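Observations on the three-dimensional arrangement
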Amino acid sequence: TVIDCLSYDTRSLHGTSLFLCKGAHFKAEYLSAALAQGAAAYVAEKPYPVDAPQLLVSDIRYAMVVLGQLFYDHVTDKLTRVGITGTKGKTTTAFMMRSILEKLNENYTITLGGANGTAKYTLTVDTGVKVFLLDDDGVITEESHITTPEVLELYQHFQNAYDSGISHLVMEVSSQALKVGRVRGMTFDVGAFLN
């Protein structure tokens, strides 16, 4: 079976999906809903009493990284990656990187979040540089709610940016994202640690 959708959110399922049973508050009815919507199989840390193929894993968050990399054909390796982490200054540093890349006339993606949890920016530059923010990656435009989204959303944004001709990725990496492994498996070409 060819999987054309990888998700843990029943609202985003389409086509032939692989559904991930993720979260401390996951309920079996979410899996039943996913299967009713056409999910071909599911990934979970424990088996559920449903008639569907299953892939059992010991760590669903790590499995999301591995499956995301495979599903999106290691898209992060196709981008020059800059990760910015630390307590204060991530957004400012990301904008500084934007300015540097503009001067170099490179294409890049910039991922922004804010202390209040939302960041909505639309940037226009006259140098021909394409600027995509996480909440506007060239394909999807939506309000950011957290500094570093979950793994599968990140990979979707990376793929959209890559498909739009972006070569550089500048992203804020929150301590929470590091703690729960949202960027596990990503190697950054440049890392910035702020205080």
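Note that the structure is a prediction, hence the values are computed from the model and not measured. (Residues numbered from 1 in each chain as written. Predicted model: local features only at pLDDT ≥ 70, side-chain atom pairs only at ≥ 80, totals over all residues. Heavy atoms only, no water.)

A few points about the packing of aromatic side chains
One pass over the full model with this rule turns up seven aromatic pairs. A centroid spacing of 5.6 Å and a plane angle of 65 degrees characterise the contact between F26 and Y48, whose relative ring orientation is edge-to-face. You can see F26 sitting in the loop between strand 2 (17-20) and helix 1 (28-36) and its partner Y48 sitting in the loop between strand 3 (39-44) and strand 4 (54-56), a full 22 residues away along the chain. Taking 6.1 Å as the distance between ring centres and 65 degrees as the angle between the ring planes, the aromatic pair formed by Y42 and Y48 counts as edge-to-face. For the pair shown, Y42 and Y48 are each scored as buried. Connected via pairs of aromatic rings, a cluster forms that spans F19, F26, Y30, Y42 and Y48. (Phe/Tyr/Trp six-rings, centres within 6.5 Å; stacked < 30°, edge-to-face > 60°. Helix = DSSP H or I, 4+ residues; strand = E, 2+ residues; numbered from the N terminus. Buried < 20%, exposed > 50% of the residue type's maximum accessible area, 1.4 Å probe, protein only.)

Remarks on the side chain of T93
Examined against the element boundaries, T93 turns out to sit in helix 3 (residues 90-104). Sequence-distant contacts of T93, defined by excluding residues within four places in its chain, comprise I84 and L194. (Contact = heavy atoms within 4.5 Å.)

Here's the deal with the pattern of salt bridges
The tally for this structure, following the rule as stated, stands at seven salt bridges. The shortest N-O distance in the salt bridge between K78 and D73 comes to 3.2 Å. The class for K78 is partly exposed, based on a relative accessible area of 35%. A cluster of three or more residues bridged by salt bridges with shared partners is formed by K22, R61, E150 and R182. (Salt bridge = Lys/Arg side-chain N within 4 Å of Asp/Glu carboxyl O.)

Taken by themselves, the reported measurements are silent on function.
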